[in-house]
Amino acid sequence: MSSVMDPHALKSVSDLPVPFRSIFNFRYFNSLQSECFSACFLSDINMIISAPTGSGKTVLFELCILRLLSRFISTEGRFMHIKGTLKTIYIAPSKALVQEKLRDWSQKLGSLGINCLELTGDNVYFNIRNIQEADIILTTPEKFNAVTRYRIKDGGLSFFSDIALVLIDEVHLLSDPRGSALEAIVSRVKMLARNPEMKSSPLAQVRFLAVSATIPNIADLAEWLMVPIQGVKRFGEEMRPVKLTFKVFGYQPAKNDFLFEKRLQNYIFDVLMQYSRGKSALVFCSTRKGAQEAAQRLSQIAMTFGYSNPFIKDTHQQERLREASLLCSDKQMQSYIPFGIGYHNGGLSLKDRNLIEGLFLNGDLQVLCTTNTLAHGINLPAHTVVIKSTQHFNKEKGLYMEYDRSMILQMSGRAGRPPFDDTGMVIIMTRRETVHLYENLLSGCETVESQLLSCVMEHLTAEIVQLTISDITRAIEWMKCSYLYVRMKKNPENYALKKGTPRNLVEKHIQDICVQNVNELSRNQMVWTDDDGFLLKPLEPGKLMTKYYLRFNTMKNIMKSPADCSIEDALHIICRAEEIAWIQLRRNEKKLLNDINTDKDGRLRFHIFGDRGKRKKRIQTREEKIFILANDCLTGDPLLHDLSMNQDMNAISSNGCRIAKCMKEFFIYRKNYKGALNSALLAKSLYQKVWDDSPYLLKQLPGIGMVTAKALHSMGVKSFETLAEADPRKIEMVTNRKYPFGNHIKESLLSLPPKVEMKLVETECQRQGKSKLVVTLTRMSGLAQATKRHYADMFVALEEDNLMLFHEKIRVDEFSSPYSASVLVSNPHQDKLTVKADLIFEEIIGIDLHQKYELVARKESDTNAIHKHGIKHLPSFPQSKDVCIIEDDDDYTFCAPTKEIDNSNKSNQRRDCMPTFNLLDEPDEGELRPESEESTSKILTEETIFEHIRKKAKNFPAVNTLKSESFIMTKELYARNQLESKNAAFDILKLTFSNQDLVDLDTEPPMELKNEALMKAGSQVKHNLLFESSRGTVGSSDQMAANFPTLAHQMVSNGFSFKGRGSSTESSRKQLEFPSRSRRQWSSAATTSQNKEVDSFLGFKSVFSFL
């Protein structure tokens, strides 16, 4: 709808309540703000506003925030704020825009006690409590999506119920490849708002306000955001406070797009001299490197002018620029600033970005070369805007493409400064053949389309992990909450449908997309589905993919990694990751990469090899380039200093570190020791950009760069220990620095984790066939007041079997010292068995601890066991009992006495049991059980049990004799009468309790003990049948099937009924695939006549698992 405004009906700030009037530093709202005032501040309707850049849309956000805060104004007019109870989420496309709004709103709303929190990649120092106490959360779509990809009880979604207002800036960027994250966030909020559990929370009436540049299909966005007709506001160019003049220049194209961009740099200076008239100018470049090269070229030309530099007005400006250049940490920028020229991009540090923005706003910096991210709303206006080339490199498609018209308008909108100029100048530099495309720019931008379809698999998995989606109907409902559904109905041909497809077929297509993606996730063990494919539950790989924000194919590659995954294997997996698939192998890079791979000096740890096993002399693919870049970077002293390859290297390090951390957790889940250890080492090597055997490990310390690290290396200081003993004065002499630089360098050692000692010793073991090893951690140094938390992973494993027996994540600066964990290991049958213990620090390289102990061959053999001392949340663990780790193919089940499991389930649903002290103060990332105990429990009768057994037994192969010395129940027992069955059951009791002084087996035990013993006997039989020894023979499924019915018959005949977690055979099988999450409980019957409902214990459950 088009708004008709009365120019004289301007709203006054005095129309606001008294506590809010001081927020605005003007008396009257402009005509756009006055038109929207009643809808923004006097109602709670959803709104979408389309208006030109610079027309004052930010004030509309502030009016909606004040509308929400007005609920805290009492009847007496006092503002009584309750922290964190009504939250506003502000979502913007760039970090720079978020940080600008953060500074602005913290200053304006701070006097009211409003707490603003930034959630971006620049701000890593926040926790769940910060989020819960925040009133306004300012974030980018990707970061907010990542932070909230955790379940409600783990804190990630716990604040969602308090969300009352969602503000979306630059909503037209849904068309950008990054727009899918924004679409997923809004769809998640809409889904949760419909949840009946949220009925009484602010989220149930959540309000949306979105603003955008001029777009043609604003009605589609209004439908998606549920905006009523009175909430849709569209304004034209007449609302722009500064009128713009456009100039479009066409240039002769070059051989390729890259050379054309280079050629345009030679024309920028002349254009500025002709149209800028000594006023500030922004030069938009398509790449970071392009922005730096444009600034470099302008500086070289300005240098030839000497003291008559056109970008320097007076000596005071010159002096301010000289002082500012000394504060800049970017060496290249330091040389440009004195000439009144700078560049700005996302690769700069936060300190340098703030410095450059301040200089430009003050007018000291005359020309600023920047990337298009600065166009997304950050308030750095200039008189003149130069758009150097209308093409940009599309990472998704790997080629140069024309900018969207909306992006050109965004960049043009930076021209003209309302307080200083009444006009703005926009100069567009393009090819001759594309000049006509930009001569009629003001007609509006392209239709906004959805980008969700290309990554719907990842976002669907995230919603299943968060439990937003619990079944296939909820998945379809989530899809219908998306902007994709709105546009698919309007423009089906853009989404692989024929033009004019009727609505019912669009609905069916949405359903097909959901079903196909769910089936694909189920096939790859990312999610669990029931027999009908209806119910959906997340599995561990799916949780890890969501937690680490990985693409589906990347996670599939991780799951296919070899069992003995080396560091080189892990690095190759990272090189194939989709997250860095946009990195291209450029023609001008090949020679340098070839030289590095040849590696005559032996710098690299790994190389690219050809078919004959020799190092390749020609790098030909982007995966090979990524592999070489990573290896060069990890030497600690890379040879590559080209800006574009440095940016590629930074992307490889940050994304590779994230992927390696996911690999570590996946290998821990699979109990794969070598894979977990190597992934952990690779993750922190990529984080620190240095190998663990590098001579420049001191680079990890704050204040030590490459120059200082080399100087220290020359004086023999290569490790943290030698640095601690070094003389500060000698350090200053070698580094050519002044006092007290040496003291500061030594003080940087305080940033390291406290020193820890680890011991692995064998102690006396009371159980036959076992060796008991105790791992002890002792903190050696005192607890300094560290500004950063330090974590470490403790592994205990069998080296020969590549089997992880124990894993614990420890907060090094907080655990109760000394801490010990004891591991019971089966004595080896022959040769030796090596037990290894490792303490791998999460971030710091060079301080890891490793211990190993060799066990000699003994005759006895039994299962591996583990016991942890001092477990606070397992108070019922008797010291004489051991929690057993039982081998089951590739997965492992914790088998413990009933009481222990019962207590542990209440407070611990992790894979790893926690010790007595709180090693981690982070919220638990709880494990999900595949099925709900309450919803699917059933009482099975004798008839239903044996009917099921007989039905399945028809398909069994012939039963072979089980070659084991363990107790085996034979088929003859099944044919005996009831009396003989009871006698046989008590024979089992004698065998089961032969080593335990629990009862006198010569007398008839009481009924309660009979039943309890029968249950334990079943568990023992399963143990003997399935897992005779962790290193011995394992029984086959057909043998087990023959033996378990007898035990089941005995159980039923003694008055037991079983409450299972599902009646489906397939369901049981799927549950057994992830035994670490199925902790079973059972209880003994009080009398023979009274039936007790109990959880199916491990032995009984196996009847169904193997049928």
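This one's a predicted model, so the numbers in the text were calculated from it and none came from an experiment.

Reading guide: rules and limits
Residues numbered from 1 in each chain as written. Predicted model: local features only at pLDDT ≥ 70, side-chain atom pairs only at ≥ 80, totals over all residues. Heavy atoms only, no water. Helix = DSSP H or I, 4+ residues; strand = E, 2+ residues; numbered from the N terminus. Buried < 20%, exposed > 50% of the residue type's maximum accessible area, 1.4 Å probe, protein only. Contact = heavy atoms within 4.5 Å. Areas by Shrake-Rupley, 256 points an atom, 1.4 Å probe, with all protein chains shown as cover. Phe/Tyr/Trp six-rings, centres within 6.5 Å; stacked < 30°, edge-to-face > 60°. Lys NZ or Arg CZ within 6 Å of the ring centre and 35° of its normal. Expected span 1.5 Å × (residues − 1). Bend = angle between axes of the 7 residues up to and from the residue. Pairing = 2+ DSSP bridges. Axes fitted to C-alpha atoms, helices over the stretch in contact; angles between N-to-C directions. Arc of directions from axis to C-beta. Polar contact = N/O pair within 3.5 Å; in protein donor to acceptor, adjacent residues only side chain to side chain. Core = buried A, V, L, I, M, F, W, Y, C linked by side-chain atoms within 4.5 Å. Parallel < 35°, antiparallel > 145°, perpendicular 65-115°, else oblique. Nonpolar A, V, L, I, M, F, W, Y, C, P; charged D, E, K, R; others polar. pLDDT = per-residue confidence, 0-100. Salt bridge = Lys/Arg side-chain N within 4 Å of Asp/Glu carboxyl O.

1. Focus on the overall build of the protein
- When helices and strands are tallied, the protein shows 37 helices and 30 strands.
- Expressed as a percentage of the 1107 residues in the protein, the buried residues total 55%.
- Within the protein, contacts between residues at least 6 apart in sequence are counted, and of these 71% link residues at least 24 apart.
- With the model as given, the accessible surface of the protein reaches about 48100 Å², and the carbon-plus-sulfur share is 50%.

2. Structural notes on the packing of aromatic side chains
- For the coordinates displayed, the defined rule picks out 21 aromatic pairs.
- Judged by centre distance (5.9 Å) and plane angle (45 degrees), the rings of Phe249 and Tyr275 are tilted. With a gap of 26 residues between them, Phe249 in strand E8 (residues 243-251) and Tyr275 in helix H8 (residues 257-275) connect regions that are remote in the sequence.
- The class of Phe249 is partly exposed, set by a relative accessible area of 23%.
- Three or more aromatic residues link up through ring pairs in this structure, and these residues are Phe24, Phe26, Phe29, Phe37 and Phe41.
- Just above the ring of Phe260 sits the side chain of Arg431; from NZ or CZ to the centre is 4.2 Å.

3. Some remarks on H8
- Its 19 residues give H8 an end-to-end C-alpha distance of 26 Å, which sits within 8% of 27 Å, the value for a rise of 1.5 Å per residue.
- The largest bend in H8 comes to about 35 degrees, at Tyr267.
- The complete set of buried residues in H8 reads Phe260, Glu261, Leu264, Gln265, Ile268, Phe269, Val271, Leu272 and Tyr275.
- Of the residues trailing H8, Arg277 is marked for its positive phi of about 55 degrees.

4. Examining the environment of Glu238
- In this structure, Glu238 sits in the loop between strand E7 (232-234) and E8.
- Put simply, Glu238 and Ser55 are 183 residues apart on the chain and 9.5 Å apart in space, counted from C-alpha to C-alpha.

5. With respect to the pairing of strand E22 (residues 819-826)
- Among the 8 residues that make up E22, 7 are buried, leaving the element largely enclosed by the rest of the structure.
- By the bridge criterion, 8 bridges tie strand E19 (residues 770-779) to E22 in an arrangement that is antiparallel. Opposite Val775, over in E22, you have Ala821 as the bridge partner.

6. Notes on unusual backbone geometry
- Across the junction of Tyr739 and Pro740, the peptide omega takes the value 5 degrees, indicating a cis bond.
- Looking at the secondary structure, you find Pro740 in the loop between helix H27 (728-735) and helix H28 (741-747).
- Across the junction of Ser817 and Pro818, the peptide omega takes the value -5 degrees, indicating a cis bond.
- Looking at the secondary structure, you find Pro818 in the loop between strand E21 (803-811) and E22.
- Even without a glycine there, the phi angle at Met226 is positive, about 55 degrees.
- Secondary-structure assignment places Met226 in the loop between helix H7 (218-224) and E7.
- Its identity is not glycine, yet Asn802 carries a phi of approximately 50 degrees, on the positive side.

7. Let's talk about the sheet that holds E7
- The strand order across the open sheet formed by 7 strands is E3-E4-E2-E5-E6-E1-E7, and the pairing between neighbours is parallel. At either margin of the open sheet sits one strand with a lone partner, and together these are strand E3 (116-119) and E7. With direction set aside, neighbouring strand axes in the sheet form an average angle of 15 degrees.
- Running at roughly 160 degrees to strand E1 (residues 47-50), helix H1 (residues 31-41) makes contact with E1, strand E6 (207-212) and E7 of the sheet.

8. A few points about the sheet that holds strand E24 (residues 849-856)
- Strand order in the open sheet formed by 4 strands is E21-E20-E23-E24, and the pairing between neighbours is antiparallel. Every other strand in the sheet has two partners, leaving E21 and E24 as the edge strands with one partner each. The sheet shows a mean angle of 10 degrees between the axes of neighbouring strands, taken without regard to direction.

9. Description of helix H10 (residues 315-327)
- Its 13 residues place the ends of H10 19 Å apart at the C-alpha level, agreeing with the 18 Å of an ideal helix rising 1.5 Å per residue.
- Those residues of H10 lying buried are Gln317, Leu321, Ala324 and Ser325. Here the buried residues of H10 occupy an arc of 105 degrees about the axis, which is enough to place them on one side. The exposed set on the far side of H10, more than 90 degrees from its buried face, consists of Thr315, His316, Leu326 and Leu327.
- Of the surrounding elements, those touching the buried residues of H10 are helix H11 (331-336) and helix H12 (350-362).
- At the N-terminal boundary of H10, the capping side chain belongs to Asp314, with an oxygen 3.2 Å from the backbone nitrogen of His316.

10. Focus on the nonpolar core
- Residues Met555, Ile558 and Leu682 are the most contacted members of the largest nonpolar core, which totals 83 residues.
- The dominant element in this core, judged by the number of residues it contributes, is helix H23 (residues 643-669), at 12 residues.
- Each residue touching Met555, except ones within four places of it in the same chain, is listed here: Met526, Pro541, Leu544, Met545, Leu550, Cys662 and Phe666.
- Counting residues in each nonpolar core, the second largest holds 56 residues, with Leu244, Ala281, Ala382 and Ile427 among its members.

11. Section: the packing of helix H22 (residues 622-634) against H23
- Relative orientation of the contacting elements H22 and H23 amounts to 85 degrees, with a least axis distance of 10 Å. Accordingly, the angle class assigned to the pair H22 and H23 is roughly perpendicular. Between H22 and H23, the residues in contact are Lys625, Ile626, Leu629, Ala630, Asp632 and Cys633 and Met645, Asp648, Met649, Ile652 and Ser653, respectively.
- A class-by-class count of the residues in the contact of H22 with H23 yields 7 nonpolar, 1 polar and 3 charged.

12. Observations concerning the confidence of the model for the protein
- Overall, the predicted model of the protein reaches an average pLDDT of 76, with 73% of residues at or above 70.
- Scored below 50 in pLDDT, residues 860-939 makes 226 contacts in the model with residues more than four places away or belonging to other chains.
- Note on residues 958-1107: pLDDT under 50 across the span, and 271 contacts to partners over four residues away in sequence or across chains.

13. Notes on the pattern of salt bridges
- In total, this model carries 46 salt bridges according to the counting rule given.
- Where Arg551 meets Glu458, a salt bridge forms, and the shortest distance between an N and an O atom there is 3.2 Å. One end of the pair, Arg551, is in the loop between helix H18 (540-547) and helix H19 (552-559); the other, Glu458, is in helix H14 (residues 456-465), and 93 residues separate them in sequence.
- Taking the relative accessible area as the measure of exposure, Glu458 reaches 8% and is therefore buried.
- For Lys625, the salt bridge is made with Glu589, and the minimal N-O distance between the two is 2.8 Å.

14. Brief notes about the environment of Leu803
- Note on placement: Leu803 falls in strand E21.
- A residue is classified by how much of its surface remains accessible, and Leu803, at 6% relative accessible area, is buried.
- Here the alpha-carbon distance between Leu803 and Asn672, two residues 131 residues apart in the chain, equals 5.6 Å.

15. Description of the environment of Arg603
- The topology assignment puts Arg603 in the loop between helix H21 (590-598) and H22.
- Judged by its relative accessible area of 24%, Arg603 falls in the partly exposed class.
- Distance in space between the C-alpha atoms of Arg603 and Leu634 is 9.8 Å, their sequence separation being 31 residues.
- Among residues more than four places away in sequence, those in contact with Arg603 are Asp632, Thr635, Asp637, Pro638 and Leu639.

16. Focus: the side chain of Asn217
- You can see Asn217 is positioned in the loop between E6 and H7.
- A polar atom in the side chain of Asn217 sits 3.1 Å from the side chain of Tyr483.
- Contact partners of Asn217, with chain neighbours within four places excluded, come to Thr447, Val448, Tyr483 and Arg487.

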